[in-house]
Amino acid sequence: MENDNQVNLSVDFFLNKLEEAKVHFERALDCKHTEFDDLYPYMIEHPQFFWYKRYVAWSELLTIVKLCEELKIPWTERFATHQAEYVSKRVMSSKVLDYWYETNDTREHVG
């Protein structure tokens with residue numbers, strides 16, 4: 001007898017969720033509007049709000065990556081090399097916040 005509660009999810013489903021989580025984190029990083037703003041509109045008045053918003057988005061991204069890893073779905077090619085390294089380390093440090101968008105071109109101009 002077939003189990004009606006079984007869900008068959010595709011790789012594309014997880015890769016789409018990964019892309020959504022990445023965009024959510026980047027919008028939080030840029031202090032742009034996210035779904036979180038709609039859930040907690042009163043927090044906009046508090047300075048720590050943006051840190052918490054980033055933390056929530058980072059946690060969401062790590063959760064999706066963990067699922068991809070457990071299901072053996074390749075996820076790193078969806079990120080720049082340095083971004084994939086940050087995600088693999090799992091710690092949202094000031095380096096992640098400061099250098100998430102950095103490319104080799106911008107590194108050459110820092111000096």
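Sequence positions are assigned chain by chain, starting from 1 and proceeding in written order. Local features in this predicted model are restricted to residues of pLDDT 70 or higher, and side-chain atom pairs are both shown and tallied only at a pLDDT of 80 or more, whereas totals for entire chains, interfaces and linings draw on every residue. Hydrogen atoms and water are omitted, and side-chain values are computed over all heavy atoms in the structure.

K.L.:
Report on the overall build of the protein chain, specifying residues and quantitative values.
P.N.:
Along its length, the protein chain carries six helices and zero strands. Note on conventions: DSSP H or I runs of at least 4 residues are helices, E runs of at least 2 residues are strands, and numbering of each starts at the N terminus. Mapped in sequence order, the helices and strands of the protein chain form the string α-α-α-α-α-α. Looking at the protein chain as a whole, 32% of its 111 residues are labelled buried. Contacts were defined at the residue level, with two residues in contact if any of their heavy atoms lie within 4.5 Å. Pairs at least 24 residues apart make up 59% of the contacts formed inside the protein chain by residues separated by at least 6 positions. Summed over its atoms, the accessible surface of the protein chain is roughly 8,000 Å², and 52% of this surface lies on carbon and sulfur atoms. Here the term buried applies to any residue with accessible area under 20% of the maximum for its type, exposed to any over 50%, and partly exposed to those in between, with areas from a 1.4 Å probe on protein chains only. Only the protein chains shown count as covering a residue, and every accessible area follows the Shrake-Rupley method with a 1.4 Å probe.

K.L.:
I'd like a rundown of the packing of aromatic side chains, residues and numbers included.
P.N.:
Whether two aromatic rings pair depends on their centres lying within 6.5 Å, for rings of Phe, Tyr and Trp, where Trp uses its six-membered ring; planes under 30 degrees apart make the pair stacked, over 60 edge-to-face, and the rest tilted. The tally for this structure, following the rule as stated, stands at 13 aromatic pairs. On the basis of an interplanar angle of 45 degrees and a centroid distance of 4.9 Å, the ring pair of Phe36 and Tyr40 is categorised as tilted. Residue class for Phe36 comes out buried when judged on its relative accessible area of 7%. The exposure class of Tyr40 is partly exposed, given its relative accessible area of 33%. Through a chain of ring-to-ring contacts, three or more aromatic side chains come together here, namely Phe36, Tyr40, Tyr42, Phe49, Phe50, Tyr52 and Tyr55.

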